[in-house]
Every structure is written in C-alpha cells, then in structure tokens.
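Take a look at the letters that make up each chain.
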Amino acid sequence: MDKKKLENLEVHLKVDEKIYPPKEIVERAWIKDYETVYKKSIEDREVFWSEVAKELEWFEPWDKVLEWEHPYAKWFVNGKTNITYNALDRHIKNGKGDKIAYIYVDEEGNEEKITYKELLEKVEALANGLKSLGLKKGDRVSIYMPNSIEAIASMLACARLGIIHSVVFAGFSEGALRMRIEDAQARAVITATYTKRRGKKIPLLPTVEKTIDGLDNVEKVIVWDRDKEGVAKDRGNKFVDFNSLIEENRGNCPPEIMNAEDPLFILYTSGTTGKPKGVLHTTSGYMVYTYYTAKIVFDLHDEDIYWCTADIGWITGHSYIVYAPLVNGITSVIMEGVPTYPHPGIWWEYVDKYKVNVFYTAPTAIRMLMKYGDEIPAKYDLSSLRILGSVGEPINPEAWHWYYENIGRKRCVIVDTWWQTETGGHIITTIPSYPMKPGKAGKPFFGIEVAIVDKNGEELPPNTVGYLVIKNPWPSMMRNCWGQPERYKKYWTEIKNYYNPDDLASIDEEGYIMIVGRADDVISVAGHRIGTMEVESAIVEHPDVVEAAVIGKPDEVKGERIKAFVILKEGVKPSDELKKEIQKTVREILGPIAIPEEIEFVEKLPKTRSGKIMRRVLRAKELGMEIGDLSTLDD
Ligand code: WT7
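Residues numbered from 1 in each chain as written. Predicted model: local features only at pLDDT ≥ 70, side-chain atom pairs only at ≥ 80, totals over all residues. Heavy atoms only, no water.

**Structural notes on the nonpolar core**
Counting 175 residues, the largest nonpolar core has Trp49, Tyr102, Leu119 and Phe298 as its most contacted members. Take this core: its biggest share by element is 10 residues, from helix H7 (residues 149-161). Look past the residues within four positions of Trp49 in its chain and what remains in contact with it is Val65, Trp75, Phe76, Val288, Tyr289, Tyr292, Phe445, Phe446, Gly447 and Pro475. By size, the runner-up hydrophobic cluster in this structure holds 20 residues, among which are Val535, Ala538, Val566 and Val586. (Core = buried A, V, L, I, M, F, W, Y, C linked by side-chain atoms within 4.5 Å. Buried < 20%, exposed > 50% of the residue type's maximum accessible area, 1.4 Å probe, protein only. Helix = DSSP H or I, 4+ residues; strand = E, 2+ residues; numbered from the N terminus. Contact = heavy atoms within 4.5 Å.)

**Things to note about the packing of aromatic side chains**
Counted under the stated rule, the structure contains 39 aromatic pairs. An angle of 75° between the planes, with centres 5.9 Å apart, marks the rings of Tyr289 and Phe445 as edge-to-face. Of this pair, Tyr289 sits in helix H11 (residues 283-297) while Phe445 sits in the loop between strand E22 (443-444) and strand E23 (450-453), and the two are 156 residues apart along the sequence. Here the two residues Tyr289 and Phe445 agree in accessibility, since each one is buried. (Phe/Tyr/Trp six-rings, centres within 6.5 Å; stacked < 30°, edge-to-face > 60°.)

**Description of the pairing of strand E16 (residues 305-308)**
In E16, alternate side chains face the same way, and those of Ile305 and Trp307 on one face and Tyr306 and Cys308 on the other are all buried. Sheet analysis places E16 next to strand E17 (residues 331-336), joined by three bridges and oriented parallel. Residue pairing across strands places Trp307 opposite Val333, the latter belonging to E17. With three bridges connecting them, E16 and strand E18 (residues 358-361) associate as parallel partners. The residue of E18 that forms the bridge with Tyr306 is Val358. (Pairing = 2+ DSSP bridges.)

**Digging into the site of the ligand**
Near the ligand lie 16 residues; those nearest to it are Asp416, Thr417, Thr421, Asp503 and Arg518. Secondary structure elements with two or more residues in the shell around the ligand: helix H12 (315-327), strand E20 (413-417) and strand E27 (513-518). (Near = heavy atom within 4 Å.)

**Points about the sheet that holds E23**
An order of E23-E24-E26-E27 is seen for the four strands of this open sheet, with the pairing classed as antiparallel. Two strands in the sheet have a free side with no partner beyond their single neighbour: E23 and E27. Neighbouring strand axes in the sheet, compared pairwise and without regard to direction, differ in orientation by 45° on average. By the bridge criterion, five bridges tie strand E26 (residues 503-507) to E27 in an arrangement that is antiparallel. (Axes fitted to C-alpha atoms, helices over the stretch in contact; angles between N-to-C directions.)

**Quick look at the pattern of salt bridges**
Two side chains carrying opposite charge are able to pair once their charged atoms lie near each other. For the coordinates displayed, the defined rule picks out 45 salt bridges. Put simply, Lys196 and Asp106 hold a salt bridge, and the shortest N to O gap is 2.7 Å. Remark: Asp106 occurs in strand E4 (residues 100-106) and Lys196 occurs in strand E9 (residues 194-197); sequence separation between them is 90 residues. Residues Glu219 and Arg187 are paired through a salt bridge, measuring 2.8 Å at the closest nitrogen-oxygen approach. Here Glu219 is found in the loop between helix H9 (205-212) and strand E11 (220-224), whereas its partner Arg187 is found in the loop between helix H8 (174-184) and strand E8 (188-192), with 32 residues between them in sequence. (Salt bridge = Lys/Arg side-chain N within 4 Å of Asp/Glu carboxyl O.)

**With respect to the confidence of the model for the protein**
Looking at the protein as a whole, its pLDDT mean stands at 92, while 93% of the residues score no less than 70. A low-confidence stretch, residues 1-14 stays under pLDDT 50, and its non-local contacts, those more than four residues away or across chains, total 35 contacts. (pLDDT = per-residue confidence, 0-100.)

**Observations concerning the sheet that holds E17**
With mixed pairing, seven strands are arranged side by side in an open sheet as E5-E4-E17-E16-E18-E19-E20. Both outer strands of the open sheet, strand E5 (111-115) and E20, are each paired with one neighbouring strand and no more. Taken over all neighbouring pairs, the strand axes of this sheet differ in orientation by 20° on average, direction set aside.

**Some words on the packing of H11 against H12**
Helices that pack against each other are described as a pair by the angle of their axes relative to one another and the distance between those axes. For the pair H11 and H12, the least separation of the axes is 8 Å and the interaxial angle reads 85°. Compared by their axis directions, H11 and H12 come out roughly perpendicular. Residue-level inspection shows Tyr286, Thr290, Tyr291, Thr293 and Ala294 of H11 in contact with H12, the latter providing His318, Ser319, Tyr320, Tyr323, Ala324 and Val327. Counted by class, the contact of H11 with H12 contains seven nonpolar, four polar and no charged residues. (Parallel < 35°, antiparallel > 145°, perpendicular 65-115°, else oblique. Nonpolar A, V, L, I, M, F, W, Y, C, P; charged D, E, K, R; others polar.)

**Re the state of the cysteines**
For the structure on display, the rule yields zero disulfides. Take Cys253: it sits in no disulfide, and the sulfur closest to it among the cysteines is that of Cys158, at 11 Å. The cysteine Cys412 is free of any disulfide, with Cys308 supplying the nearest cysteine sulfur at 17 Å. (Disulfide = S-S within 2.5 Å.)

**Some thoughts on the packing of helix H6 (residues 116-132) against H7**
Orientation of H6 relative to H7, taken along the N-to-C sense of each, is 60°, at an axis distance of 8 Å. Between H6 and H7, the angle falls in the class oblique. Relative to H7, H6 is oriented so that their crossing is right-handed. Facing H6, whose interface residues are Leu119, Leu120, Lys122, Val123, Glu124, Leu126, Ala127, Leu130 and Lys131, H7 presents Ile149, Glu150, Ala153, Ser154, Leu156, Ala157, Cys158, Arg160 and Leu161. Of the residues assigned to the contact of H6 with H7, the class counts are 12 nonpolar, one polar and five charged. (Left-handed = near helix turned anticlockwise from the far one by under 90°.)

**Things to note about H11**
If you check H11, its first and last C-alpha atoms are 21 Å apart, about what 15 residues at 1.5 Å a residue would give, namely 21 Å. With its phi angle positive at about 45°, Asp299 sits one or two positions after the end of H11. (Expected span 1.5 Å × (residues − 1).)

**Regarding the environment of Leu135**
On the secondary structure map, Leu135 appears in the loop between H6 and strand E6 (140-144). The exposure class of Leu135 is buried, given its relative accessible area of 5%. For the pair formed by Leu135 and Ala188, sequence separation is 53 residues and the distance between their alpha carbons is 8.4 Å. The residues contacting Leu135, other than those within four sequence positions of it, are Leu130, Val141, Ile163, Arg187 and Ala188.

**Points about unusual backbone geometry**
Negative phi characterises most residues that are not glycine, and trans characterises most peptide bonds. For the peptide bond that leads from His70 to Pro71, omega is 0°, which places it in the cis range. In this structure, Pro342 follows Tyr341 across a cis peptide bond, with omega equal to 0°. Looking at where Pro342 falls in the secondary structure, it is placed in the loop between E17 and helix H13 (346-354). Phi is positive for Phe76, which is not a glycine, with a value near 55°. Here Phe76 lies in strand E2 (residues 72-77). The class for Phe76 is buried, based on a relative accessible area of 0%. For Gln185, which is not glycine, the phi dihedral falls at a positive 50°. Along the chain, the position of Gln185 falls in the loop between H8 and E8.

The following block contains the structure:
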C-alpha cells in the first residue's frame, strides 16, 4: 500500500464515548495509575520486567534480562525454572494445595473439581508415564483433546519434562491435524475417544487413526478412554490407555530444569495463504508475561473465580486458561460444549452458579447470544461479575454496550484485549482502573511501545488508519516459526525494524487505539481503503442485524465496490426497504464511501473454527474463483 492510499484510509469515527470504571473496581485494582507505571516501564524495560519476574520462583536467577539481536530476543538469559513448578508446586508449598484449580463443567451440568495438589499428582503421574514411553525433553507431542482437565494435564505433563507440546484444536479435521503432526514431527499424539458438543459425542479417535496412517513419526497414541471401553487394548501396542498410564506411574516427577529460552510449545496459526505457521514460544518470557498480564488486566486476586470461554486449542486457551491462571494460583471454570446448548442462557447460568468474577470471551459469542434477547441474561444473578474481557476481533460498539449493560449491568469494566498467537499475551487493552472507550481496544500494556505507521514505518497523524507496529521486543514474543525461519524474520523486517502484526489500526488524540482489522482484509473503493470489519461493525449497528461480512467486488469505475452478506435477527423479514435502511446506517456511521452497494441476506457465514469470518470464501464464491485451503472452515 503506498502513502497516498494510506492517507485515503482515513475514516472518521463517530465512536468516542468514554466510560469510567466504578470506584470499587479502581480501589481494588493492583494498578491504579496506568500512566505513571507505563512511563516507568518504558524508561527502564529491563528493570520493570525483572521486578515482575522476581514474583515467581527460579531454580537459578538470570544474569541478563534481555539480549536483543534484531530480530532475535533472549529474555532472562540463563535463568532456570519450570513453568509447572510456578503453576503447581509453588502454590502447594505456600499452603494452597487444597484450593480448587479447575471446575470443569459440561453442557448437562456434569461437574468435576480438581485441587492444585490433585492436579500436580495427575501431571506428575502422566509425566512419569510419558517418560516410560521413552519421551524426553525437546521431543514434540501433539495434543488433540476436548476442553478438559485431562487436556490441561497433558500440556502440563509435557511442560514438566520439557517436551514441546503442539495442541491442535479438536474441531479441526484430518487434513489440518495431519499437517500439524507431520510438520512438528510429533513422536506421540494424546487424544480422547470423543468430545461433547450440543449433547452429542463427536468422535476424535477415528480421526487420529486415519490421520496417522502413514505418518511414521508417530510412535504412540495415548487415548483418554472416556467411557472405559478398552479402546486402546483393541488396537495394538501403538495405542496406550491414558488412565492406565496415570495409574501405573503414580509418584513424584521432579520438574525438568528448563533454561529460560528452552521451547515450551508450538501452536499453529493460519496465515493469509498457504501452510499454517508453527509459532514457537519459550519458557521464561512466556511465563512472566502471561502471568503478569492476567494479574493486571483481569486484576486477579487470590479469591477470584475466573472463566475464559476459549478452547485450549487456541492461544487464548494456552495463555489464559492454562498457564496464566495457574501461575496466578486462582480458581478457573472450564466448559466443554457450546454457549447455546441446552439453552442460550447456559453461560449466564454457570456464571451465577459458580459466582464468576472475571469472564473472558469473544465478540462473536456476544453477538450470537445478543440475538436471543435481553430477557435471557436477565433471568440470572450476575452480580459476582467484576471484569468482562473481550478478545479475537474488534468488538463493535453495539455488542460492547450489550455486554456492558446486560451482562455487566453497568457495574463492571470491559477489557478489550488485542493480541495474537505470536504475541503470547495481551498487547493493547485498558486495565480495569482506566477509562474505557467502546470500540477502541485501549493502550499498550506495560513495556510495550506501539505506533501507527505507513508502509515505510513513518508515523501517521491521529485518527488515520495505518499499520499497527510494535517497536520493541517483549518477554512473550514468538521466538521463531517452527521449521520456517524466513517467515519469522518477515514479521520484523517488513516495516522498518518493527514487529508487524499485519493489522490496521488508528490512534486518537488521547492515545486510544482502535483496531480496524487485518491488513489483508481491506477493500479499496475509489482509492479509499476501507476495513471490512469496520463496515461490518457499522452494519450491525442496525437494530435488525446480528452479523455481517463484507467483501470487495471488482468495479469498473471504482476499482472495488462493497458487497455485504447480512444475518438478520430472528423473526425479521428481509426486504429492499431494510437494505436501504442498512445502507443509511453505514452512511451515518462511516460515510458514503463505505456503503455496501449490494446486500444479500443469508442464514450463515463461513467461519474459521475460532469464529472469524472467512471473507475470502465469500469473495471466491461470489467471483467464481478457487476457494483454496478450507481446513479452518467450520461448517
Ligand atoms: C488477530 C490474532 C489473541 C487471541 C485470539 C486471536 C485479531 C485479536 C483483537 C481485539 C481487534 C483483535 C487481530 C489479530 N484480534 N484480538 N481485541 N480487537 N482484533 O488470536 O488467531 O492469533 O488472531 O486477531 O486481527 O491480529 P489469533
């Protein structure tokens, strides 16, 4: 994109409302003065992070906080620790062994609780079991499991031994799973017989069996046999029973002494084209940064009940279901199932039942639940809630307000956390004591400097859309792309020597950042580039609309024009009148340039399994082109 086009990206925002956090939340917050702490964190980043790191335990201290040879960073150089020691043993040592680590619940209300002590015992037994199978530090193990305590224990058992885990979301099918197992050259796969979804058992083991056929790197398949059917016995000695492996290997398993930069896990993430990238995270920087962002952004205190609705198969699950909540020593709720089964109030029912204080979810879920009406959450006592989180995509002001009013009852704060698989932890957000702006994610976290720039790295004036870049290394930054080092370098060399997340954003006069969307999902209308997500956000401001996706269609005169695919609220009839109204809404919010000339009412939108709209599928279908890789498509 050239400079002129970037200038044309300027979009005038109507969103500039400021909402202040309630007094009780500010009083309780770990950090009450963002500006002062931020300034300090930037003035001496290394001192800042070393103070945070001292809150955790180390087998041996680091001798240097940061070694930065662009684009390669080493944090807490030569420090020795193990993340499972900080996540489990440390709390038990401090007398918290009988505290609940997780409350697992499924769609039917079946519940299972596990204490820190019990979780450590499970992890140690499983780690001993993995060792007995010949697995060791540096090996890769793929985990294809339901959202469950068993999946978490599997990740931790790997981390206990320094085995690099590669979790594959259990909603992926064969092709996506094979690519990931093969690319990581995993020596073993940990899986389950099935996962539960909408009251049904969705088989996982048959997928693994088909997938590993011909993959010589896989020596063992460890199966969590949920109904104790003896499935491993029937399948020969490649297959090992998960529960027996635990029962037969009970006993201590000392944590592997991990060097700060020893790999912790790989997690694959889709790029715009081609093969997914195996994002590599290492031990100490990831541990320190995720621990601290969770503590500050969710203002976690010992007594808190926390629920992140993500799946362990995504980075949100890794960082903010597994590692950060455990290192913080709090109690988490995890759920296996969907938010609308057996009824669309199930999440609020569980928030009420477990007295959840911190709730972290995605805008797509909020918009989906919104369409069932305000009466659903109104039935429950949600007074335990204090902090509401949002992640994964921009939260449009309409959804923000619904969340704020109907879930938070205007007594909570919303933290809109912008980050990526590659960043490991939150990068842009407000902290609970800081004023919020609906639709704007907020400000950089401590130790992070960002800018909005053009392709050459030149900073743009406020309220101008450009590339969001991060100017400096941070502890939980990705260290490499597994087997594809050139793809790693690209992130730090495309725009000056900054980290380029490939997102477009703008910053206002007060320093609040609004994320527009991916740089690769932008439409050019008469030379004006318009973010698809932004138009979608405007369309859903119309009271009859639930969700929308927009694409660019070739236009002889304008280059591209906008077509919108729109899902209406239940019971609303599509009509030409309604199309005009929607166009009017967009005109009012963004201006005439952003109006979708074509609108098609649809029942569903193609989405990745993590809930992101796949515009390129719509575009390809619309234009009669090849669709390409569909491995991340849900339906
Ligand atoms: C992309 C990263 C980070 C966990 C989930 C997604 C988009 C993420 C926000 C937000 C606007 C957001 C960005 C980013 N994104 N959070 N709060 N507001 N956009 O992880 O799959 O690695 O995707 O998600 O476009 O680049 P991911």
